[in-house]
Amino acid sequence: MNYQWDWDAVRDSLPYLLDGFRITLLATVLGTLVAAVLGLVVAVLGRVPSRLVTVPVRALTEFVRSTPMLVQLVGAYAIFNTIQPLTIGIAVLGIHYASYMSEVYRAGIDAVPKGQWEACRALSMSPRRTWQAVILPQAVRNVLPALGNYGIAMFKETPFLAVITVMEMVAQAREYGANHFVYAEVFTLAGLIFLVASYPTSLLMRKLERRLGH
């Protein structure tokens, strides 16, 4: 039995997939912003000279990193069931990836030469001024490509949001396929949209990494 590719299904499903792609992109952008900011906060708190701060922060980070994001999504959805599912999804994506981005930031901070810290102390700069004007600009610049790669990874994991009823692109493809009994076309189209969106961004991150490496 020869399968006949249904181009009409491709054409008809495209608006549904693009509507889902809008949700996918929104979740990725906002989730990446949450992860980038929260990851930086966690990295800085991890250097506070007080175990009352560092121990709970490390414990929470390890918990998030050691549990599947799917479980985190379902758990958060069950607990915070009065909040919009998309908001929950963005928060979980952000918190999950913040646990990884914090390690990237930590590596970037550790890579700042010790002479920079010593110069700040010699100039009697306050800790806040030291971080804002000297340490963080250098650290963030060095880790931008790695942060971007985590953003791309988050983009490809947004289909997990379907388990909490967020109609992102793959969920739209599955619903269209179930209603019209066509799956190969819509899932292939969804995959191509993911490829078109993520591959150029990946190339940009590689170019940025090479440029910052010089």
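As a starting point, this report considers the structure included with it. Keep in mind the model is a prediction, meaning the values are calculated, not measured.

Formed by 31 residues in total, the largest nonpolar core has its most connected members in I109 and I135. Within the residue set of this core, elements represented by two or more residues are α1 (7-45), α3 (69-79), α4 (85-110), α5 (114-122) and α6 (127-157). Considering each element in turn, this core owes the most residues, 10 residues, to α4. Contact partners of I109, with chain neighbours within four places excluded, come to A43, R47, W117, W131, I135 and A139.

Take the packing of aromatic side chains next. Under the counting rule described, the total for this entry stands at 9 aromatic pairs. A ring pair is formed by Y16 and Y176, whose centres lie 5.5 Å apart and whose planes are at 45°; its orientation type is tilted. With Y16 in helix α1 and Y176 in helix α7 (residues 169-180), the pair connects residues that are 160 residues apart, well separated along the chain. The interplanar angle of 15° and the centroid separation of 6.4 Å between the aromatic rings of Y183 and F187 together place this pair among those described as stacked. The partly exposed category is assigned to Y183, whose relative accessible area is 42%. Relative accessible area serves as the criterion here: at 33%, F187 is assigned to the partly exposed category. Counting every residue linked through ring pairs, the aromatic cluster contains F21, F155 and F194.

What counts and how
- Residues numbered from 1 in each chain as written.
- Predicted model: local features only at pLDDT ≥ 70, side-chain atom pairs only at ≥ 80, totals over all residues.
- Heavy atoms only, no water.
- Core = buried A, V, L, I, M, F, W, Y, C linked by side-chain atoms within 4.5 Å.
- Buried < 20%, exposed > 50% of the residue type's maximum accessible area, 1.4 Å probe, protein only.
- Helix = DSSP H or I, 4+ residues; strand = E, 2+ residues; numbered from the N terminus.
- Contact = heavy atoms within 4.5 Å.
- Phe/Tyr/Trp six-rings, centres within 6.5 Å; stacked < 30°, edge-to-face > 60°.

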